[in-house]
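Architecture and fold: a report
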Amino acid sequence: MDEKKVALVTGASRGIGRATAVELAKTGYHVIINYNSSEAAAAETLSEVQAAGGTGRITRFDVADTEEVKNALGGIIAEYKKIDVLVNNAGVTADGLFMMMGDDEWRRVIDTTLNGFFNVTKPVLREMVRKKNGSIVSVSSISALAPNRGQSNYAAAKAGLIAATKSLAKEVARFGIRVNAVAPGPIETDMLSSMPMDAGMIKAMIPMARVGKPEEVARVIRFLCSADASFITGEVISINGGMA
Ligand code: NAP
């Protein structure tokens, strides 16, 4: 196990997180698959990782819960003594017009994306600084760059994630740590299917006339984590079929 690099992917029970866990496992990472509520789906991600010839484990914590994250990551870091790659992928939507938005809808989205970034990145970063090596990729969204109506909470959270990424990248570059983000457009996952928009309308907004696949995001994340991206930090890569 020692010689294998370790990657932690938050929200890896489904969608983009699952595809990223499998992609990183294929390139040789031991993958720590985080989930919050979908235990069976997280076990399925682990099966896919193993079927791809990789290794990994699952770990439950709510990224927004400071104590849960501390406890879970404390154990993981003590065991592995390192985390080479962190993918902050966990995210939720709670769309609604701003005037109608409840406190919970505002807070849940901000808490998951922004407090989640802080809670998870901080302990991992400490280890990366100690090793003078590491790569962090956070999953933002096209909503940060070209927000739609009804997503003020999500757009604010995802834009904050980009700003935090760029600031942190400058802080830790001298320690050999790179911090980047991806900004996907519509990607075929549960999150997209839960949106009240008709599939035809979504496709009509995309110059390539199709939604993306989770694997198409995962491959860019894998690139950003790899030595091929060794001079890239503080960057945001859009993956959106030409939308913006
Ligand atoms: P998804 O299919 O709904 O999956 C979301 C994942 O996040 C699940 O694994 C879920 O875990 C996890 N999660 C949610 N809240 C969590 C929490 N508090 N703690 C830990 N894990 C949590 O969504 P997706 O489309 O793959 O989205 C992944 C990321 O891409 C999100 O950050 C999303 O905002 C971003 N994104 C998605 C799209 C898109 O069109 N799909 C576009 C741009 C950006 P459980 O099921 O175990 O709770």
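Preceding this section is the structure that the text describes.
Quick look at the structure, then. These numbers come from a predicted model, not from an experiment.

This part is about the site of the ligand. With respect to spatial proximity, 31 residues lie near the ligand, and among them Ser13, Ser38, Asn89, Tyr154 and Thr189 are the closest. Between the ligand and the protein, one listed contact pairs an oxygen atom with a side-chain N or O atom of Lys158 at 2.8 Å. Ile187 is positioned such that a nitrogen or oxygen atom in its backbone is 2.8 Å from an oxygen atom of the ligand. Expressed as a share of its isolated accessible area of 890 Å², the protein-covered part of the ligand is 95%. Every element with two or more residues in the shell around the ligand is listed here: α1 (15–26), β2 (30–35), α6 (152–172) and α7 (190–193). When the residues that make up the shell around the ligand are grouped by side-chain class, the tally is 13 nonpolar, 14 polar and 4 charged.

Once that is clear, we can look at the sheet that holds strand β4 (residues 85–88). Sheets are built from strands that pair by backbone hydrogen bonding, the pairs being arranged parallel or antiparallel. Pairing is parallel in the open sheet, where 7 strands are placed in the order β3-β2-β1-β4-β5-β6-β7. The outermost strands of the open sheet, each flanked by one partner alone, are β3 (55–60) and β7 (236–239). When the angles between neighbouring strand axes are averaged without regard to direction, this sheet yields 20°. Sheet topology places β4 next to strand β5 (residues 134–139); 4 bridges connect them, and they run parallel. Each residue of the ladder has a partner; that of Asn88, found in β5, is Ser138. Where α1 meets the sheet, it contacts β1 (6–9), β2, β4 and β6 (177–184), and its direction lies at approximately 175° from that of β1. Relative to the sheet, α6 contacts β5, β6 and β7, its axis offset from that of β6 by approximately 160°.

For the rest of this paragraph, the subject is the packing of α1 against helix α2 (residues 39–51). Interaxial distance between α1 and α2 falls to 9 Å at its minimum, and their mutual angle equals 25°. Taken together, the axis directions place α1 and α2 in an arrangement best described as roughly parallel. In this structure, α1 meets α2 at a crossing whose hand is right-handed. Here α1 contributes Arg18, Ala21, Val22 and Ala25 to the contact with α2, which in turn contributes Ala41, Glu44, Thr45, Glu48 and Val49. Broken down by class, the residue content of the contact of α1 with α2 amounts to 5 nonpolar, 1 polar and 3 charged.

How each quantity is defined
Residues numbered from 1 in each chain as written. Predicted model: local features only at pLDDT ≥ 70, side-chain atom pairs only at ≥ 80, totals over all residues. Heavy atoms only, no water. Near = heavy atom within 4 Å. Polar contact = N/O pair within 3.5 Å; in protein donor to acceptor, adjacent residues only side chain to side chain. Areas by Shrake-Rupley, 256 points an atom, 1.4 Å probe, with all protein chains shown as cover. Helix = DSSP H or I, 4+ residues; strand = E, 2+ residues; numbered from the N terminus. Nonpolar A, V, L, I, M, F, W, Y, C, P; charged D, E, K, R; others polar. Pairing = 2+ DSSP bridges. Axes fitted to C-alpha atoms, helices over the stretch in contact; angles between N-to-C directions. Contact = heavy atoms within 4.5 Å. Parallel < 35°, antiparallel > 145°, perpendicular 65-115°, else oblique. Left-handed = near helix turned anticlockwise from the far one by under 90°.

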